[in-house]
Amino acid sequence: MTQLAPTATLIDDINTLPTPFYLIDSARLQHNMQIMRRLRELSGAKVLLALKCFATWSVFDIMREAMDGTTSSSLNEVRLGKEQFGGETHAYSVAFSDAEIDEVIGYGDKIIFNSASQLARFAARVQTLKPDMPIGLRLNPQISSSSFDLADPARPFSRLGESDIHIFLSNLPTISGVMIHNNCENRDFDRFDAMLADIEARYSELLHKLDWVSLGGGIHFTAPDYPLEQFAQRLRAFSQTYGVQIYLEPGEASITQTTTLHTTVLDVLHNQKDLAIVDSATEAHALDLLIYRESAALAQIGQQSVDIAPSVGDHHTLICGKSCLAGDIFGEYDLGGRKLNVGERVAFANMAGYTMVKKNWFNGVAMPAIVIKRLDGRYEVVREFGYDDFKHNLS
């Protein structure tokens, strides 16, 4: 079972906690887990948490009851999945090294290689150490739903997986399954259905010879308007047609809309538009906003819960981070003429996926604490960071 961090404390009033901090809402997380359970029941698919997106193990006790295990991208992640989550532990990496492969095999229940050369290099080692360990190979179908070239696994010259069916057929029965990860924030079921049909048309000979197929992550099936039953039926039909166990690897879908990043306004100024500087930084605490040039929605101003999407206008407010990066901006917002004040709290929405796993010490900006709102309404501070963490991050 998950153990609380050594610094864990309980508080009743979140407003007494210094900012910045990430706040994970257990009730919202539980809602996503109910959808996970429903999908598993309807489809027969197994679902694995993608640790590359979210690895805050203090809430694994909520997630492990609705999910079948974890999938990883490194030795550290496969170990964390084994030790803190349990269930099935799938080991994948773009490239394993000789120095780590034995340990990876020790922690994993399945191992998936990214390339035929990695498979050739390490398959015998797997069979020696764990003769019954299923081995897979990543399949890149060269089609994608991604609008971001940076995140598109099927982009031209991609190093992520093999595409030639003959490579897979020639490695049977060494491999018993494949991992296909070609979706990226795909909210469109029809697009998913069409891409899967294309994969079936080109790889059916291979699919009929496999025991399991992972369809990866990037499918936003926990969205309120997603046709879950139709999605489940499509998965079940695929499974029955080819006689395979289907796996999904949800990351963002697992934790979407569960977490807010709470900050405090440190300064306000005006330079053609109103500007507010908070005690956080996008490059340090919400890196994907910079990477994909996106903005965050507002979830709270002061004591008031809000739902304000980013927008652009002549009289809007820019909320900025405190780092030295000129483009450190959380977003621009129409506050209806309202002015933000120094000392006022501001919370940003949907701050779980690819945030805590990417946080860093840029500029030495204070690292947000990690707080969980439990189902009984109390707040649990499971992790705080200080100067020693900053100092020992380097040498």
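Being a predicted model, the structure only gives us computed values, none of them experimental.

Okay, the overall build of the protein next. Along the protein, the regular secondary structure elements total 12 helices and 19 strands. Against the 2.2 N^0.38 benchmark of 21 Å for 395 residues, the protein shows a C-alpha radius of gyration of 22 Å, consistent with a compact globule. If you line up the protein on its principal axes, its C-alpha atoms span 65 × 45 × 40 Å. In the protein, which comprises 395 residues, the share counted as buried stands at 53%. For the protein, long-range pairs separated by at least 24 residues make up 70% of all intrachain contacts whose partners lie at least 6 apart in sequence. For the protein, the distance from the average position of its 35 positive side-chain charges to the average position of its 49 negative side-chain charges is 3 Å.

How big an interface is tends to be expressed through the accessible area that disappears when the partners come together. Per the domain assignment, the segments of the protein are domain 1 (10-21 + 259-351 + 359-393) and domain 2 (44-254). The gap between the C-alpha centroids of domain 1 and domain 2 is 34 Å. Residue-level contacts link 8 residues of domain 1 with 9 residues of domain 2. Buried area between domain 1 and domain 2, summed over both chains or domains, comes out near 650 Å², and the portion from carbon and sulfur atoms is 62%. In terms of surface lost to domain 2, no three residues of domain 1 exceed Y292, I372 and R374, which account for 56% of the buried area on that side. In this assembly, domain 1 and domain 2 are joined by 1 salt bridge.

Secondary-structure assignment places S93 in strand β5 (residues 88-93). Once you skip the residues sitting within four places of it in the chain, S93 turns out to touch S73, I112 and N114.

Inspection of every chain in the model, using the stated rule, returns 13 aromatic pairs. Ring centres of F60 and F85 lie 5.0 Å apart, and the angle between their planes is 65°; this geometry places the pair in the edge-to-face category. Remark: F85 occurs in helix α3 (residues 75-85) and F60 occurs in helix α2 (residues 60-63); sequence separation between them is 25 residues. A relative accessible area of 0% means that F60 is categorised as buried. A network of ring pairs unites the aromatic residues F189, F192, F221, Y226 and F231 as a single cluster. K110 extends its terminal NZ or CZ atom over the ring of W212, reaching a point 5.3 Å from the ring centre.

With that settled, the discussion passes to the sheet that holds strand β6 (residues 110-113). Strand order in the closed barrel made by the 8 strands is β3-β4-β5-β6-β7-β8-β9-β10, with parallel pairing throughout. Looking at each pair of strands side by side, their axes are set apart by 25° on average, direction ignored.

The next subject is empty space enclosed by the protein. For the structure shown, the criterion picks out 3 cavities of 30 Å³ or more. Of the voids in this model, the largest cavity is the one considered here, and its volume is about 50 Å³. Contributing to the lining of the largest cavity are I180, N182, N183, F192, M195, L196, I199 and L215. When grouped by side-chain class, the residues that make up the lining of the largest cavity number 6 nonpolar, 2 polar and no charged.

What follows concerns the side chain of T71. Within the fold, T71 resides in strand β4 (residues 69-71). In this structure, T71 is in contact with L48, L49, A50, L51, H90 and E249, ignoring residues within four places of it in sequence.

With that settled, the discussion passes to unusual backbone geometry. In this model, T19 is joined to P20 through a cis peptide bond whose omega is 0°. Inspection of the secondary structure assignment puts P20 in the loop between β1 (9-11) and β2 (21-25). Going from L172 to P173, the amide bond is cis rather than trans, its omega being 0°. Within the fold, P173 resides in the loop between α6 (165-170) and β8 (177-179). One non-glycine residue, E185, lies in positive phi territory at about 50°. For E185, the position within the fold is in the loop between β8 and α7 (189-207). A relative accessible area of 55% means that E185 is categorised as exposed. Its identity as a non-glycine residue notwithstanding, Q257 has a phi of 60°, on the positive side. You can see Q257 is positioned in the loop between α9 (252-255) and β11 (259-271).

The rules we used
Residues numbered from 1 in each chain as written. Predicted model: local features only at pLDDT ≥ 70, side-chain atom pairs only at ≥ 80, totals over all residues. Heavy atoms only, no water. Helix = DSSP H or I, 4+ residues; strand = E, 2+ residues; numbered from the N terminus. Rg over C-alpha atoms; globule rule 2.2 N^0.38 Å. Buried < 20%, exposed > 50% of the residue type's maximum accessible area, 1.4 Å probe, protein only. Contact = heavy atoms within 4.5 Å. Lys, Arg positive; Asp, Glu negative; His and termini not counted. Charge placed at Lys NZ, Arg CZ, Asp CG, Glu CD. Domains from an automatic or database assignment. Buried area = accessible area lost by both parts, 1.4 Å probe. Salt bridge = Lys/Arg side-chain N within 4 Å of Asp/Glu carboxyl O. Phe/Tyr/Trp six-rings, centres within 6.5 Å; stacked < 30°, edge-to-face > 60°. Lys NZ or Arg CZ within 6 Å of the ring centre and 35° of its normal. Pairing = 2+ DSSP bridges. Axes fitted to C-alpha atoms, helices over the stretch in contact; angles between N-to-C directions. 1 Å grid on protein atoms, 1.4 Å probe; cavity = no way out; pocket = protein on both sides within 12 Å on 5 of 7 lines; lining within 4 Å. Points joined across faces, edges and corners; volume = space filled by probe spheres on them. Nonpolar A, V, L, I, M, F, W, Y, C, P; charged D, E, K, R; others polar.

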